[in-house]
Amino acid sequence: MVPLVPPVLARSRSVAPAGWSRWLVPPAALAIHLAIGQAYAWSVFKPPLEDSLELSGTASALPFQLAIVMLGLSAAFGGTLVERNGPRWAMCVSALCFSSGFLISALGAATGQYWLIVLGYGFVGGIGLGIGYISPVSTLIKWFPDRPGMATGIAIMGFGGGALIASPWSTQLLSAFGGDSAGIARTFLVMGVVYGAFMTLGVLLIRVPPEGWQPSGWRSADAASRPLVTTAQVSARNALRTPQFWCLWIALCMNVTAGIGILEKAAPMVRDFFADTATPVSVPAAVGFVSLLSLANMLGRIVWSSTSDLVGRKNVYRLYLGAGALLYLVIALVGDTAKPVFIGCAAVILSFYGGGFSTAPAYLKDLFGTFEVGAIHGRLLTAWSAAGVLGPLIVNAVADAQESAGRTGPALYTMSFYIMISLLVVAFVANECVRPVHARYHEPAERPSGANRTKEAAR
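Quantities reported herein were computed from a predicted structural model and do not represent experimental measurements.

**Student:** Just checking my understanding: could you explain the pattern of salt bridges for this structure?
**Tutor:** Once their charged atoms are close, side chains differing in charge can pair, the charge on each being opposite to the other. Here the structure, examined in full by the defined rule, presents six salt bridges. A salt bridge links glutamate 50 to lysine 46; the nearest nitrogen and oxygen atoms lie 3.9 Å apart. Here glutamate 50 and its partner lysine 46 are both found in helix α2 (residues 46-53), four residues apart, which amounts to about one turn of the helix. On the accessibility criterion, lysine 46 (1% relative accessible area) is buried. A salt bridge links arginine 318 to glutamate 432; its shortest N-O distance comes to 2.6 Å. Of this pair, arginine 318 sits in helix α15 (residues 313-334) while glutamate 432 sits in helix α19 (residues 414-432), placing them 114 residues apart in sequence. Glutamate 432 sits in the partly exposed class, given a relative accessible area of 26%. It is possible to trace a salt-bridge network through shared partners that takes in Arg22, Asp146 and Arg147.

Pasting the structure below:
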């Protein structure tokens, strides 16, 4: 059954009028992604939560892990609804869930009920993450068929850059309100209200192109002349039956695991890594490190995805996975003897992490067409769900075990780095296996449109 959609949020009410500039669409997407990108600043909340509620490092990661799991699951199950009901409806649902998640978490912190923080930030907020993440992707690809990597990179850049804003903002709020349960509750409350208002701007601004619209002077046949780029169309249902989808799933999952393990524990990791040196890292410097990684994550999303428009998606994924493995090896071998090397390698790894996300929708468009690319992208993001559990689990569990054994400094994380290297090698092989999609998975030449397309999307 098709859910009831308020008329003001219906796809038909968001069709762009004649003369509408497509360059107004990326800012609408950024309004959503800059907000939900706060998830990458979760590590700022870990120390105060651990102190005020007496949590372990593994336990304090649970809201973040569940949020990433729900991101992937809600994107997978909601992808078809986003295609059917349009981006305005999806952005509204995202704003309601994401801001409500903070409000529930505020109640949990105020009452000392950690399970409410897990429920609010992890479950409810995670649904907002997933629906919000995929809400503008299909629309951007339709507005920018000539530069899909750049277009999705601009929007998804906001998700990576969200922590660049949220990290210092969260720190300032915690400093003003206090790092105890009451202070954390007030911080969550303020962030929930502000993010809800900011995301509403995207809801009001987003538009979809009229049926059959194309950029002036652009022809789809020109794009199809490049390797792995097709003019055929594949449904979301058939995409899951192709080996190409699962090769990309493995590549994305391993790439995300390698990056998210650092990102989730960034602030305590950099302090632990250099704790036994002559120049330990202070708390403000650790927060600065989180901001640096967020900047690298953000810039990687636009730089590497735009580069993929020139060199191809497969080639740029070779860079993410191959060079990423080498950088992890450098960190493991150098240890705490060279702080600039650690920081530089971590920043580049996070740029590859962000680039993998922003390049994925264009990679999917090249292989499967634009017919249900939003729904296919949503299903691909289940790889993020798996990585959201796997990455933090590897880093936190290994660090906790090493700490229990009496080890300190780089020894807490070296084993995790070697595990990440192995995962990236597996992902590199999976990317090498990607080939053009076989014609038996293609939709008929006359694709469904209008009412028939709605039925097709509901399959």
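**Student:** Please clarify how the packing of aromatic side chains should be interpreted in this entry.
**Tutor:** By the definition in use, this model includes 30 aromatic pairs. Summarising the aromatic geometry, the rings of tyrosine 133 and phenylalanine 159 are spaced 5.2 Å apart at their centres and angled 85 degrees between planes, so their arrangement reads as edge-to-face. Highlighted residues: tyrosine 133 in helix α6 (residues 114-134) and phenylalanine 159 in helix α8 (residues 148-177), separated in sequence by 26 residues. Accessibility assignment for this pair places tyrosine 133 and phenylalanine 159 in one class, buried. Following the ring pairs from residue to residue traces out a cluster consisting of Trp42, Phe45, Phe98, Phe102, Tyr121, Trp169, Phe188 and Tyr195.

**Student:** Sorry, what's going on with unusual backbone geometry here?
**Tutor:** The general pattern is negative phi for most residues beyond glycine and trans for most peptide bonds. The residue glutamate 54 is not glycine, and still its phi comes out positive at about 55 degrees. Position of glutamate 54 relative to the elements: it lies in the loop between α2 and α3 (57-60).

**Student:** In this structure, what is going on with the environment of glycine 369? I would like to understand it.
**Tutor:** As for its placement among the helices and strands, glycine 369 is situated in the loop between α16 (339-368) and α17 (373-380). Taking relative accessible area as the criterion, glycine 369 reaches 4% and is therefore assigned buried. If we skip the residues at most four places from it in the chain, glycine 369 touches Thr230, Ala232, Gln233 and Leu364.

**Student:** Just checking my understanding: could you explain the side chain of serine 43 for this structure?
**Tutor:** Considering the arrangement of structural elements, one finds serine 43 in the loop between α1 (25-36) and α2. If near-sequence neighbours (up to four positions away) are discounted, serine 43 is found in contact with Leu263, Glu264, Ala266, Ala267 and Val290.

About the criteria used
Residues numbered from 1 in each chain as written. Predicted model: local features only at pLDDT ≥ 70, side-chain atom pairs only at ≥ 80, totals over all residues. Heavy atoms only, no water. Salt bridge = Lys/Arg side-chain N within 4 Å of Asp/Glu carboxyl O. Helix = DSSP H or I, 4+ residues; strand = E, 2+ residues; numbered from the N terminus. Buried < 20%, exposed > 50% of the residue type's maximum accessible area, 1.4 Å probe, protein only. Phe/Tyr/Trp six-rings, centres within 6.5 Å; stacked < 30°, edge-to-face > 60°. Contact = heavy atoms within 4.5 Å.

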